[in-house]
Amino acid sequence: MTICRIAVGRAKDATSPAALKAALAEFISTLIFVFAGEGSSMAFNKLTSDGAANPAGLVAFAIAHAFALFVGVSIATNISGGHVNPAVTFGAFIGGHISLLRGILYWIAQLFGAVVACSLLKFTTGGLSTSAFALSPGVSEWNAFVFEIVTTFGLVYTVYATALDPKKGSLGTIAPIAIGFIVGANILAAGAFDGASMNPAVSFGPAVVSWSWDNHWVYWAGPLVGGGLAGLVYQLVFIAPTNLHLTSTVN
C-alpha cells in the first residue's frame, strides 16, 4: 500500500544546504503571498474607512490572493516544490512526497514568513490592524470547520493533480495558475462566511501580530484535515494503481 511511503526522514532532510535553501524559498514565497493577500484586506478597510464588506471587496480579495499565490508557487517550485502552505505540506507528507522532518522545516519557514509579512504590514501602514480571520454572524465553528475542510481539499487535490502526480505531463507548467485559480474561486465561495483561509500560515500571521485567537483552531484543523484527505485520496486512488501497474509490467 502506497501509504507506507510515509517517512520520518533523516537529519539531513532538515539540515542539508539543499533543505535550508528550500526552507528559505518557502519563507520568501509565504512572505510575498501573505503580504499581498493580507495587505489587500487592509487596503480595502482603509479605503472604506473600515466599512462593511461588499461584493467588490470580496472579488478584490480573491483576485489578490489568486495572483499572489500564483507568483509564490511559481518562484519556489524549482527549489522547494512551492508549497506556501502547511496544509499542502501535510497533504504531500500523507502521500509520501516529503518526509516528516523536511515537512516540519517547511512549516517553520511558512509560519515565520507569515508573521514577518504581517509585522511588516503593521509597520509600513503606521500601525493599522492586521485583521485575524473571523467567522461571520450566523456561522458556527463547525460550519467554518467544514468550509475549511472542503476548500482545502479542493486546493490540495489541485496541487496533486497538477504538480505532484508523476503523470501530470504538460499540466505541470500551468500548476501555479491552477493553484492560484482554485484559491481565488474558493474565496469567492466561502470568503463571506469564514474568510476562506485554506492555509494555517495565512491565519497564524495575523493572529500573532494582532494577538487575536478566537476560533483559531478552525483554521488549523480544517485545512489539515482537508489537505490530508486530498493527499490520501489522490495518492491511493490515482497514483498508487499506476505505480503498481508499472511495477508489474517491468517484472
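Quantities reported herein were computed from a predicted structural model and do not represent experimental measurements.

## Some details on the UniProt feature "transmembrane region" (unreviewed entry) in the protein chain
Logical step 1: The residues that UniProt annotates with the feature "transmembrane region" (unreviewed entry) are residues 18-36, 56-76, 144-164, 171-193 and 217-239.
Logical step 2: Across residues 144-164 one finds 100% helix and 0% strand; the C-alpha atoms that close the span lie 28 Å apart.
Logical step 3: In residues 171-193, helix accounts for 83% and strand for 0%; the two terminal C-alpha atoms are 32 Å from one another.

## Regarding the packing of helix H2 (residues 17-47) against helix H5 (residues 100-124)
For any two helices packed against each other, one specifies the crossing angle of their axes together with the interaxial distance.
Logical step 1: Relative to each other, H2 and H5 sit at 35°, their axes nearing to 7 Å. Crossing angle aside, the handedness with which H2 passes H5 is right-handed.
Logical step 2: Looking at the contact of H2 with H5 residue by residue, the classes come out as 19 nonpolar, 4 polar and 3 charged.

## Examining the environment of His-65
Logical step 1: Within the fold, His-65 resides in helix H3 (residues 55-80).
Logical step 2: Taking relative accessible area as the criterion, His-65 reaches 5% and is therefore assigned buried.
Logical step 3: Separated by 32 residues in the primary sequence, His-65 and Phe-33 have C-alpha atoms spaced 7.2 Å apart.
Logical step 4: Apart from residues lying up to four places away in sequence, His-65 is in contact with Phe-33, Gly-37, Glu-38, Ser-40, Val-183 and Ile-187.
Logical step 5: A distance of 2.9 Å separates a polar side-chain atom of His-65 from the backbone oxygen of Phe-61.

## Notes on the pattern of salt bridges
Logical step 1: Enumeration over the complete set of coordinates arrives at 1 salt bridge.
Logical step 2: Across the pair Asp-165 and Lys-167 runs a salt bridge whose closest N-O atoms are separated by 3.0 Å.
Logical step 3: Residue classification places Asp-165 among the buried positions, given a relative accessible area of 3%.

Scoring rules and cut-offs
Residues numbered from 1 in each chain as written. Predicted model: local features only at pLDDT ≥ 70, side-chain atom pairs only at ≥ 80, totals over all residues. Heavy atoms only, no water. UniProt positions renumbered as here; feature names shortened; annotations may be inferred. Helix = DSSP H or I, 4+ residues; strand = E, 2+ residues; numbered from the N terminus. Axes fitted to C-alpha atoms, helices over the stretch in contact; angles between N-to-C directions. Left-handed = near helix turned anticlockwise from the far one by under 90°. Nonpolar A, V, L, I, M, F, W, Y, C, P; charged D, E, K, R; others polar. Buried < 20%, exposed > 50% of the residue type's maximum accessible area, 1.4 Å probe, protein only. Contact = heavy atoms within 4.5 Å. Polar contact = N/O pair within 3.5 Å; in protein donor to acceptor, adjacent residues only side chain to side chain. Salt bridge = Lys/Arg side-chain N within 4 Å of Asp/Glu carboxyl O.

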